Amino acid sequence: AGPQAYAAVDLGAASGRVMVGRVGPDLLELSEVHRFPNRPVRLPEGLRWDVLALYGGVLDGLRAAGPVDSVGVDGWAVDYGLLDADGALLGNPVHYRDSRTEGVAEKVWAAVPAEELYAATGIQYAPFNTLYQLAAARSTVRLAQAERLLLIPDLLAYWLTGEHGTELTNASTTQLIDPRTRTWSYDIAERLGVDLALFAPLRRPGDPAGLLRAEVLQETGLTGPVPVTAVGSHDTASAVAAVPATGARFAYICTGTWSLAGLELTAPVLTEESRAANFTNELGLDGTVRYLRNIMGLWLLQECQRAWGEPDLGLLLREVAAACALRSVVDAGDTAFLAPGRMPERIAEACRMSGQPVPVTRAEVTRCVLDSLALAHRRAVADTRRLADHPVDVVYLVGGGTRDALLCQLTADACGLPVVAGATEAAALGHVLVQARARGRAGDLPAMRALLARTQPLTRYAPRGDGARRRAAEARLARP
Ligand code: LRH
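Residues numbered from 1 in each chain as written. Predicted model: local features only at pLDDT ≥ 70, side-chain atom pairs only at ≥ 80, totals over all residues.

As recorded in an unreviewed UniProt entry, the protein goes by Carbohydrate kinase and comes from Streptomyces alanosinicus. In the Sequence similarities (unreviewed entry) part of its UniProt record, the protein is described as follows: "Belongs to the FGGY kinase family." (UniProt positions renumbered as here; feature names shortened; annotations may be inferred.)

Following this line, the structure appears as structure tokens:
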């Protein structure tokens, strides 16, 4: 028998993809069969996901995929859909960049202090954590009517199968999971009035998640039974699984709309120092902890591109070669950049406020973003080493940002460490490997990574420069 085929549905904040993966002892292949835009919609009530369009894209993708042995779904974290007693979706899922959570965290902390929340859940403060979204929704009719809450990938899996589940890696981003016990934090939920009965039972990457419904088979032309397999349904969990590391002394940066930079650990770091540095302990595959920091990532550039009428990224990166390095930089970790809109102006404003030259041309703004990202990557890698007391000899970059050679090189320069750029479609690769493993066709995490290192093209970037300009730029950034 030849290798099996696995369909990986991977939902990103900017687009969704259906990929087909094949896995064998020395084989790891991925082909994209369908890509569709993910366009958030601004309604009078706020920023919403067009989740039905996404489901339509998934069905189109499964039709294009042809016969597969199993299907999985991963996607971005924290957001959810609510279902009524009949299993019908209650309204359009709210986008994590919606403003409804402004000022909500302070109210939550009045009931459970931020220190206690971190010690219990290990999750960073981000205004969009599911916990704060639920607090913002507290007295809404929708929440009162809801019988079930499904995180976005679980919602899509439900529409495909008719079955409910809460996949663990993504559940950890709700801030309602205890990373030591890897189950619900009952005490936190109770004190904050979150009804855990809203959540379906937890399932782990590799667990069965049902079969494609008869109507889905009909719509996609697939022949059943087709099993759906739970994967690391948080896209970042799947991407971290696909870091092609061969040793233990590594850090990773998953670059896409976000940059997620940190370490893979076997136990969470729940210290007050770690909380102050806003590091998160999300759950990964096989008992691992993803100890990382959220950095704004290519979102900064995507929003600039939108403001400039969508110029081609390749063109922008060629223009950037002419712009002066490290002339002005912003704090790419600042949640001030979270909301959409007016990004070139907001970046210019941040430079003006910190007394730096204001970037004006597209090339100058793009250069400012790339330099700022590289510095934020460096800070995250340095902080993570210190806070987790973990040695790092090499930084692996995976995800969309690996297409940008300048970003990879600047990250190596800033970190003063070799950077190895791996797969652009890391989330889909990690995802496919978990499906393969569930069917006995792949090994443990180190074996998966060895397979990735053998089969996927890697690009190495050696660090350049003495760091003097970088230090000067960081000093400007630190100025009040
Ligand atoms: C990346 C990601 C990230 C989350 C954010 C909401 O797609 O899942 O890990 O923090 O989206």
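Chemist: Where do I start with the environment of asparagine 294 in this structure?
Modeler: As for its placement among the helices and strands, asparagine 294 is situated in strand β18 (residues 289–295). For the pair formed by asparagine 294 and threonine 255, sequence separation is 39 residues and the distance between their alpha carbons is 10 Å. (Helix = DSSP H or I, 4+ residues; strand = E, 2+ residues; numbered from the N terminus.)

Chemist: Looking at this structure, how should I read the UniProt feature "domain: Carbohydrate kinase FGGY N-terminal" (unreviewed entry) in the protein?
Modeler: Using the residue numbers shown here, the UniProt feature "domain: Carbohydrate kinase FGGY N-terminal" (unreviewed entry) corresponds to residues 69–240. Helix makes up 35% of residues 69–240 and strand 17%, whereas the separation of the span's terminal C-alpha atoms amounts to 24 Å.

Chemist: What am I meant to see in the UniProt feature "domain: Carbohydrate kinase FGGY C-terminal" (unreviewed entry) in the protein here?
Modeler: In this numbering, the UniProt entry assigns the feature "domain: Carbohydrate kinase FGGY C-terminal" (unreviewed entry) to residues 251–438. Regarding residues 251–438, the helix share stands at 45% and the strand share at 16%, and the terminal C-alpha atoms are separated by 27 Å.

Chemist: Got a minute to help me understand the pairing of strand β7 (residues 80–83) in this structure?
Modeler: Looking along a regular strand, one sees side chains alternate from face to face of the sheet. Alternating positions in β7 separate into two faces, Tyr80 and Leu82 on one and Gly81 and Leu83 on the other, with burial throughout. In terms of strand pairing, β7 meets strand β8 (residues 148–151) through four bridges, oriented antiparallel. Bridge pairing in β8 links leucine 82 to leucine 149. (Buried ≥ 20, exposed ≤ 12 C-beta atoms within 10 Å, placed from the backbone. Pairing = 2+ DSSP bridges.)

Chemist: Just checking my understanding: could you explain the nonpolar core for this structure?
Modeler: The nonpolar side chains of a soluble globular protein tend to be buried, and buried together. Formed by 147 residues in total, the largest nonpolar core has its most connected members in Ala7, Leu156, Leu300, Val398, Val419 and Leu429. With 12 residues, the top contributor of residues to this core is helix α15 (residues 362–388). Setting aside its immediate chain neighbours within four residues, alanine 7 contacts Val18, Val20, Leu62, Ala65, Val68 and Val71. (Core = buried A, V, L, I, M, F, W, Y, C linked by C-beta atoms within 7 Å. Contact = placed C-beta atoms within 7 Å.)

Chemist: Where do I start with the packing of α15 against helix α16 (residues 405–415) in this structure?
Modeler: Angle between the axes and distance between the axes: these two values describe a pair of packed helices. It is at 8 Å that the axes of α15 and α16 come closest, and there the two elements cross at 45°. It follows that α15 is oblique to α16 by the angle criterion. Here the hand of the crossing between α15 and α16 comes out right-handed. Every residue of α16 that contacts α15 at Leu370, Asp371, Leu373, Ala374, Leu375, His377, Arg378 and Val381 is listed here: Leu406, Leu407, Leu410, Thr411, Asp413, Ala414 and Cys415. In terms of residue class, the contact of α15 with α16 is built from 10 nonpolar, two polar and three charged. (Axes fitted to C-alpha atoms, helices over the stretch in contact; angles between N-to-C directions. Parallel < 35°, antiparallel > 145°, perpendicular 65-115°, else oblique. Left-handed = near helix turned anticlockwise from the far one by under 90°. Nonpolar A, V, L, I, M, F, W, Y, C, P; charged D, E, K, R; others polar.)

Chemist: How should the environment of alanine 475 be read in this particular structure?
Modeler: Its location among the elements puts alanine 475 in helix α19 (residues 468–478). Sequence-wise, alanine 475 and tyrosine 158 are 317 residues apart; in three dimensions their C-alpha atoms are separated by 50 Å.

Chemist: Mind showing me how you'd approach the sheet that holds strand β16 (residues 259–265) here?
Modeler: What links the strands of a sheet is backbone hydrogen bonding, and the strands pair in either a parallel or an antiparallel sense. As summarised here, the arrangement of the seven strands in space is β17-β18-β16-β15-β19-β20-β21, forming an open sheet in which the pairing is mixed. A single partner strand is all that each edge strand has here, and the edge strands are β17 (280–283) and β21 (459–461). The sheet shows a mean angle of 30° between the axes of neighbouring strands, direction not considered. Alignment of strand β20 (residues 419–421) against β21, held across three bridges, turns out to be antiparallel. Residue pairing in the sheet places valine 419 in a bridge with tyrosine 461 of β21. α15 rests against β15 (250–255), β16, β18 and β19 (394–398) of the sheet, and its axis sits at about 20° to β16. In the packing of α16 onto the sheet, the strands contacted are β15, β19, β20 and β21, and the crossing angle to β20 comes to about 155°.

Chemist: Got a minute to help me understand helix α18 (residues 445–455) in this structure?
Modeler: Each turn of an α-helix holds 3.6 residues, which means side chains three or four residues apart point in the same direction. Listed as buried for α18 are Leu445, Met448, Arg449, Leu451 and Leu452. Relative to the axis of α18, the buried residues are bounded by an arc of 155° and lie together on one face. Buried positions along α18 lie against β3 (27–37), α10 (235–241) and α17 (426–438). (Arc of directions from axis to C-beta.)

Chemist: Is there a simple way to think about the site of the ligand in this case?
Modeler: In the vicinity of the ligand, the contacting residues are Ala13, Trp76, Ala77, Val78, Tyr96, His234, Asp235, Thr236, Thr257, Trp258, Leu260 and Asn294. Split by residue class, the shell around the ligand holds seven nonpolar, four polar and one charged. (Near = placed C-beta within 6 Å.)

Chemist: Help me understand the environment of alanine 135 in this model?
Modeler: Here alanine 135 is to be found in helix α4 (residues 130–136). Among the residues examined, alanine 135 registers 19 C-beta atoms within 10 Å and is labelled partly exposed. C-alpha of alanine 135 to C-alpha of alanine 237: the two residues are 102 residues apart in sequence and 25 Å apart in space. When neighbours within four sequence positions are excluded, alanine 135 is seen to be in contact with Val104, Lys107, Val108 and Leu192.

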